[in-house]
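Spelled out, the chains give:
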Amino acid sequence: MSGNILVKAVHLKKYYPVRTSFLESILRGERIFVKAVDDVSFEIKRKEIFVIAGETGSGKTTTGKLLVGLEEPTSGEIYYNGEKISGIPIKKWKKHGLRKKIQMIFQDPYESLNPRQYVFDILAEPLIVNKVVSSREELYDRIMRKLEEVKLIPPEEFAFRYPHELSGGQRQRVVVARGMILEPEFVVADEPVSMLDASIRANVLDLLEEFRSKYGVTFLYITHDLATARYVGDRIAIMYLGKFVETGPVDEVIQNPQHPYTKALVSAIPVPDPEYARKKKRFELYGEIPTPINPPKGCRLHPRCPLAMDICSREEPPMVKVGPDHYASCWLLAKR
Ligand code: SF4
């Protein structure tokens, strides 16, 4: 593995068995699975902000949870810094030094912060559990520094408030501070700004950039929103029903999308100019994303794709190179 690669996933799959009645299982003759992540491979470079984007139900959050050990893969491998970490149970992550290095920032500050704890205690807990501070002074200094870094200033004022005494943006800054308090190398940020007003999203996303430049942190940023993906990301993978359909540099993929699914997502990005929005041609798909239980054969988009051909419902399209470091999986591109 190249020294520049921090995280590598190889043929990663996560299937969840679906409970069925005894009669149904006899009639079907096979077990049914939700194929949340179905054979994805990718690499994340050091100090990179890599984005996985897609609709709800595409498998992006499950992919993030696999990387931080909150889910175990059904098959495939995950490597961190050249070491295979898939297969190491989460209980042993601390022993392997992984718990401090790999963290996750969750999307919903209402659910992820304990309402009965002061901000100080929320941030103190990981430092105490992981035994990374040796005195009360060190604990206090580290928490104050982190609050300053997430722009909760003056930190003494915010440290002794409860989450309900903060605004939505301030709560999300506490969530970011907690994700960063152990000074991790790699952070999965799952929709960290989706609950915030558009006006303050950029301010919170700027924190990721600041932690990257100050401490060299590598991020996986998970989102359904291509506008924020473009704001913060370096490279992007577009995910649909458990598979990557297009990957590449984020500007290139959004300016020059090649896969019909990416085209549909890009054409749905809101534009501020109403006149331009009126003239803008939309690329629309049919219907809604189907359930990942037994997804469509061939290309998974074919029941929704206005460009589908016969082959699309029979055979899965290969991933083809469409530009420098830019790949897409569609029969229209493979036939060129
Ligand atoms: Fe559409 Fe066929 Fe391309 Fe799939 S492979 S995106 S169905 S044209």
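How each quantity is defined
- Residues numbered from 1 in each chain as written.
- Predicted model: local features only at pLDDT ≥ 70, side-chain atom pairs only at ≥ 80, totals over all residues.
- Heavy atoms only, no water.
- Helix = DSSP H or I, 4+ residues; strand = E, 2+ residues; numbered from the N terminus.
- Rg over C-alpha atoms; globule rule 2.2 N^0.38 Å.
- Buried < 20%, exposed > 50% of the residue type's maximum accessible area, 1.4 Å probe, protein only.
- Contact = heavy atoms within 4.5 Å.
- Core = buried A, V, L, I, M, F, W, Y, C linked by side-chain atoms within 4.5 Å.
- Polar contact = N/O pair within 3.5 Å; in protein donor to acceptor, adjacent residues only side chain to side chain.
- Pairing = 2+ DSSP bridges.
- Axes fitted to C-alpha atoms, helices over the stretch in contact; angles between N-to-C directions.
- Salt bridge = Lys/Arg side-chain N within 4 Å of Asp/Glu carboxyl O.
- Parallel < 35°, antiparallel > 145°, perpendicular 65-115°, else oblique.
- Left-handed = near helix turned anticlockwise from the far one by under 90°.

A. Spotlight on the overall build of the protein. Helix and strand counts for the protein come out as 14 helices and 12 strands. For 336 residues, the compact-globule estimate of 2.2 N^0.38 gives 20 Å, and the C-alpha radius of gyration of the protein, at 21 Å, lies within 12% of that figure. In terms of principal-axis extent, the alpha carbons of the protein reach across some 70 × 55 × 45 Å. Counting the 336 residues in the protein, one finds 48% classified as buried. Partitioning the contacts of the protein with sequence separation of at least 6, the portion at a separation of at least 24 is 64%.

B. Seen up close, the nonpolar core. Among the nonpolar cores identified, the biggest contains 64 residues, and I143, Y221, L226, I236 and I238 are the most heavily contacted of them. The element best represented in this core is helix 5 (residues 119-129), accounting for six residues. The contacts of I236, once residues within four sequence positions are left out, are V51, A53, L226, A229, E246, T247, G248, V250 and V253. Listed in part, the 28 residues of the second largest apolar core include L12, V40, I44 and I52.

C. Geometry of the environment of S41. Its place among the elements puts S41 in strand 2 (residues 33-45). For the pair formed by S41 and L12, sequence separation is 29 residues and the distance between their alpha carbons is 6.3 Å. Excluding residues that lie within four positions of it along the chain, S41 makes contacts with A9, V10, H11 and F244. A polar atom in the side chain of S41 sits 2.8 Å from the backbone nitrogen of H11.

D. Representation of the sheet that holds strand 7 (residues 186-190). The sheet built from eight strands is open, its strands ordered 6-7-8-3-9-10-12-11 with mixed pairing. Each end of this open sheet is capped by a strand with a single partner; those strands are strand 6 (102-105) and strand 11 (319-323). Neighbour to neighbour, the strand axes of the sheet diverge by 20 degrees on average, direction disregarded. Sheet topology note: the strand 7/strand 8 (residues 218-223) ladder contains five bridges and is parallel. Note that in strand 8 the partner of F186 across the bridge is T218. Contacts from helix 8 (residues 168-180) reach strand 6, strand 7 and strand 8 within the one sheet, and its direction differs from that of strand 6 by about 170 degrees. Lying on the sheet, helix 9 (residues 198-215) is in contact with strand 3 (49-53), strand 7 and strand 8; it crosses strand 8 at an angle near 160 degrees.

E. View of helix 2 (residues 60-67). Within helix 2, six of the eight residues are buried, which leaves the element mostly enclosed by the surrounding structure. Among all positions of helix 2, only K60, T62, T63, G64, L66 and L67 are buried. Looking one or two residues past helix 2, G69 carries a phi angle of roughly 85 degrees, positive in sign.

F. Summary view of the pattern of salt bridges. Taken as a whole and judged by the stated rule, the model has 17 salt bridges. For R212, the salt bridge is made with D234, and the minimal N-O distance between the two is 2.9 Å. In this pair, R212 sits in helix 9 while D234 sits in the loop between helix 10 (226-232) and strand 9 (235-240), placing the two residues 22 residues apart along the sequence. Judged by its relative accessible area of 31%, D234 is partly exposed. In the salt-bridge network here, residues are joined through shared partners; they are R145, K146, E149, E183 and K214.

G. Up close: the pairing of strand 4 (residues 75-80). By the bridge criterion, five bridges tie strand 1 (residues 5-17) to strand 4 in an arrangement that is antiparallel. Bridging from a neighbouring strand, K13 pairs with S75 of strand 4. Alignment of strand 4 against strand 5 (residues 83-84), held across two bridges, turns out to be antiparallel. Within strand 5, the position partnered with Y80 by the bridge is E83. Count of turn residues in the strand 4/strand 5 antiparallel hairpin: two residues, of which N81 carries a positive phi of about 55 degrees.

H. Representation of the packing of helix 5 against helix 8 within the structure. Where helix 5 contacts helix 8, the axes come no closer than 9 Å and their chain directions differ by 20 degrees. Classified by the angle between their axes, helix 5 and helix 8 sit roughly parallel to one another. Handedness of the crossing formed by helix 5 with helix 8: right-handed. Between helix 5, through V119, I122, L123 and P126, and helix 8, the contact on the second element is made entirely by V174, A177 and R178.

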